[in-house]
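Chain and residue survey
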Amino acid sequence: VLGVPVGSTPVLVRGAGRLDAVNLDALAAFAAWLEPRRPLLASIAIRGTYLDEEDVGRLLQLSLPGIDEVIGLLAVTAIGSRGYDDVVVDTAPTGHTLRLLSAPALLERVAEFLDALHAHHRDVVSALRGRYVSDSADALIAELDRDGRSLAATLRDPSTTRLSWVTLPEPMALEETSDALMALTADGLHVHTLVVNRVTEPPNEPCEWCQARRLFEARALAPLHRRFAALDLVTLPELEREPRGIAALRDVARKLAPLEIAGLTSPPVPRRVVAQLDAAPLVRPSAMLPQTLRWILFGGKGGVGKSTCAAAFAIDLAGSAPSRRFLLMSTDPAHSLSDVFGAVIGDRPRSIDGAPPNLHVREIDVANVLDDFRRRYLESVDAVFERVTRELAGASTDRTAFRQLVDLAPPGVDEVIAIADVAEALTEPGARYSAVVSDTAPTGHALRLLQTPEVLRDWTQALMAILLKYREVVSSGPLGRLLVQLSRRLRGLSTLVADPRQAQFVVVTRPARLPREESTRLRENLRNLKLASTTTIVNALGAGTCTRCRKQIRAQADEMTQLRADLRSQSPYAIIGTPAVMPPPHGVRALSAWACTWRRLE
Ligand SMILES: [Zn+2]
């Protein structure tokens, strides 16, 4: 965005006054944080449990899951104390940001966990020496607890922290905003400013497209003054090209204006306008990928329309093979599939009126899945330790530790466990569905999700190795079974993902610079994950006929040229283009009709 390279240490941004910029590397920050503390953490674990050095080494080698994000936040506060007057933080898309902001609580839980481990040591020393003097281990536990609390307090203090939320003038984005703000408020975090970005300004000559777009936006924005009355509401106009570089960004800053609340009334639904695409051959979505696929994931930058593409694809796929059964699912708490279908979709797979009957749709309630796993986990830990506590010294601390381990599970574990269930349903003999279409969370989060099965498997296996100390009870016990089952499902998931005939990731992007650049990074990451991705969908191509629209179409063409160049090194590849439609396709009928207008651009 700044148009200059930004690395992991702060650099002065030329031409922007006294502004420094940095890309925070949470993993590196965590490694730097962990290094000096590693021996102390190990000694706490060894003193407190029945574990030996090898076990503890194994646990510390796994990244303490989720902690990297908290340490990232600590790094932000550390940067703030380096003589800056203000620190502006650009966070990840919604779901991820919500997790990040609640991350300090994780630090407090880690402190509690270590404290429980250390309690045993304190008891032993007190009993032997008659008194206990706190040492460096106690100091580390106190440090973690203090950091967690002060970070949580800083985020909630309106005199030091301001939260601004950025959204689009579209019903789906505003629904998501509403949900997110409610979640934040419930957590004691208050958003101060709401920025509505990319609002269409009146065209300077008649343009059917711009007029339909303006009606659509006005309808979406109408309820704002009721819903977000307490916030500072500001807007930014849609630009012909995305701003890049300091001069362009200064221009944008000057265009920031208060949202005109007074004139907000709900206009009629705009007439349907479809942008024309260049003459390229039509392609049915169901024909763009091999028929052997069992798992098709749709993903991309937030706001590119991946839920809409995934839904149109799934409807077309199910219609093309009436004898097979399909599941379209999402783990997105923003309920994007409900919004796309205009129907309430819950955790139970259901068919949708008007859609092929062999298609089920499900929005997985991941919190529910994790609660269920946690309950089974705690029950089985208790069952195991009920039997060994009497025999082994130290086992009761181990029990506390094992009970707390589930609360330290990495963020995203809930989604992986939910998806592992789906993977088992796909790979088992007599599986319920022939194929699953996934609408994934925005880029960074989706990647993390795809990496998590490996991390989680290491974690489960380390736990199992340690549990071998309690071999007799574990081998037949429910905890062993639970961990073995989880490990098997995760292996099934990894195998499925690694097979290009069975799993493919469809990258969805828009014909604009930032989404296009992010799609290139996404494809690189997918290559590293060894997940096949041959198809890129460029969503919402085209615009209207006014001067501004024609400029936008030229900018889109430049981006398409660049995208082809980005992809050329990769073979095989396909580019599918979908026409922009105003209002965007909503409901089964509109999605089915739109699915017949996709074109194969390359
Ligand atoms: Zn126009």
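Structural data are supplied above this passage.
Fair warning: this is a prediction, and the values are worked out from it, not measured in the lab. (Residues numbered from 1 in each chain as written. Predicted model: local features only at pLDDT ≥ 70, side-chain atom pairs only at ≥ 80, totals over all residues. Heavy atoms only, no water.)

Section: the pairing of strand 8 (residues 295–299)
- Extensive coverage of strand 8 is indicated by the burial of five of its five residues.
- Of the two faces of strand 8, both are covered, the one formed by Trp295, Leu297 and Gly299 as well as the one formed by Ile296 and Phe298.
- Relative to strand 11 (residues 435–439), strand 8 is paired through four bridges, and the arrangement is parallel. In the sheet register, Leu297 faces strand 11, and the bridge partner there is Ser438.
- With five bridges connecting them, strand 8 and strand 12 (residues 503–509) associate as parallel partners. From the neighbouring strand, Leu297 faces strand 12, where its bridge partner is Phe505. (Buried < 20%, exposed > 50% of the residue type's maximum accessible area, 1.4 Å probe, protein only. Helix = DSSP H or I, 4+ residues; strand = E, 2+ residues; numbered from the N terminus. Pairing = 2+ DSSP bridges.)

Details of unusual backbone geometry
- The peptide bond linking Met582 to Pro583 adopts the cis configuration, its omega dihedral lying at -5 degrees.
- On the secondary structure map, Pro583 appears in the loop between strand 15 (581–582) and helix 21 (588–595).
- Although it is not a glycine, Lys530 sits at a positive phi angle of roughly 60 degrees.
- As for its position among the elements, Lys530 is in the loop between helix 19 (513–528) and strand 13 (535–541).
- The phi dihedral of Ala540 falls on the positive side, at around 60 degrees, and the residue is not glycine.
- Within the fold, Ala540 resides in strand 13.

Some remarks on the coordination of the zinc ion
- Coordination of the zinc ion by the protein comes from Cys207 (SG), Cys210 (SG), Cys546 (SG) and Cys549 (SG), over a distance range of 2.2 to 2.3 Å.
- Around the zinc ion sit four donor atoms, and with donor-metal-donor angles ranging over 101 to 113 degrees the site reads as tetrahedral.
- Mapping the donors of the zinc ion onto the primary sequence yields the spacing C-x2-C-x335-C-x2-C. Like Cys546, the residue Cys549 is buried in the burial classification. (Donors = N, O, S within 2.8 Å, 3.2 Å for Na, K, Ca; no water. Tetrahedral: all angles 85-135°; square planar, octahedral: opposite > 155°, others 65-115°.)

As for the packing of helix 11 (residues 306–320) against helix 21
- Closest axis-to-axis distance for the helix 11/helix 21 pair is 9 Å, and the angle between their directions is 80 degrees. As judged from the angle between their axes, helix 11 and helix 21 are roughly perpendicular. When helix 11 is examined against helix 21, the residues Thr308, Cys309, Ala311, Ala312, Ile315 and Asp316 are found in contact with a partner set consisting of Val588, Leu591, Ser592, Trp594 and Ala595.
- Broken down by class, the residue content of the contact of helix 11 with helix 21 amounts to eight nonpolar, two polar and one charged. (Axes fitted to C-alpha atoms, helices over the stretch in contact; angles between N-to-C directions. Parallel < 35°, antiparallel > 145°, perpendicular 65-115°, else oblique. Contact = heavy atoms within 4.5 Å. Nonpolar A, V, L, I, M, F, W, Y, C, P; charged D, E, K, R; others polar.)

Some points on helix 19
- In this model, helix 19 (16 residues) spans 23 Å end to end at C-alpha, consistent with the 22 Å of a helix rising 1.5 Å per residue.
- Considered for burial, the residues of helix 19 that qualify are Pro515, Arg516, Glu517, Glu518, Ser519, Thr520, Leu522, Arg523 and Leu526. (Expected span 1.5 Å × (residues − 1).)

Quick look at the pattern of salt bridges
- With the rule as written, the count across this model stands at 22 salt bridges.
- For Glu518, the salt bridge identified is with Lys301, shortest N-O distance 3.5 Å. Linking Glu518 in helix 19 with Lys301 in the loop between strand 8 and helix 11, this pair joins segments that are 217 residues apart in sequence.
- Under the relative-accessibility criterion, Lys301 is labelled partly exposed at 28%.
- Via salt bridges that share partners, Asp372, Arg375, Arg376 and Glu379 belong to a single interconnected network. (Salt bridge = Lys/Arg side-chain N within 4 Å of Asp/Glu carboxyl O.)

Some details on the packing of helix 19 against helix 20 (residues 547–568)
- Here helix 19 crosses helix 20 at 10 degrees, and the two axes come no closer than 10 Å. With respect to helix 20, the axis of helix 19 lies roughly parallel. Contacts between helix 19 and helix 20 pair Arg513, Arg516, Ser519, Thr520 and Arg523 from the former with Glu559, Gln562, Leu563, Asp566 and Leu567 from the latter.

Structural notes on the environment of Leu74
- With respect to the helices and strands, Leu74 occurs in helix 3 (residues 67–80).
- Overall, Leu74 belongs to the buried group, its relative accessible area being 16%.
- For the pair Leu74 and Ala26, spaced 48 residues apart in the sequence, the C-alpha separation amounts to 9.7 Å.

Remarks on the packing of aromatic side chains
- Under the counting rule described, the total for this entry stands at two aromatic pairs.
- Their ring planes at 50 degrees and their centres at 5.2 Å tell us that Phe298 and Phe313 sit as a pair that is tilted. Taken together, the residues Phe298 in strand 8 and Phe313 in helix 11 connect sequence positions 15 residues apart.
- Taking relative accessible area as the criterion, Phe298 reaches 0% and is therefore assigned buried.
- On the numbers, 5.4 Å between centres and 75 degrees between planes, the contact of Trp594 with Trp598 is edge-to-face. (Phe/Tyr/Trp six-rings, centres within 6.5 Å; stacked < 30°, edge-to-face > 60°.)

Concerning the sheet that holds strand 3 (residues 163–167)
- Spatially, 3-4-5-6 is the arrangement adopted by the four strands of the open sheet, whose pairing is mixed. In this open sheet, the two edge strands, each paired with only one partner strand, are strand 3 and strand 6 (257–258).
- Here helix 7 (residues 171–186) sits on the sheet in contact with strand 3 and strand 4 (191–199), set at roughly 160 degrees to strand 3.

Things to note about the nonpolar core
- By size, the foremost hydrophobic cluster in this structure holds 42 residues, and its most contacted members are Leu114 and Leu224.
- If you list the elements that add at least two residues to this core, you get helix 1 (26–48), helix 3, helix 5 (104–129), helix 6 (136–156), strand 3, helix 7, strand 4 and helix 8 (208–221).
- Discounting chain neighbours no more than four positions away, the residues touching Leu114 are Leu41, Ile44, Ile141 and Leu144. (Core = buried A, V, L, I, M, F, W, Y, C linked by side-chain atoms within 4.5 Å.)

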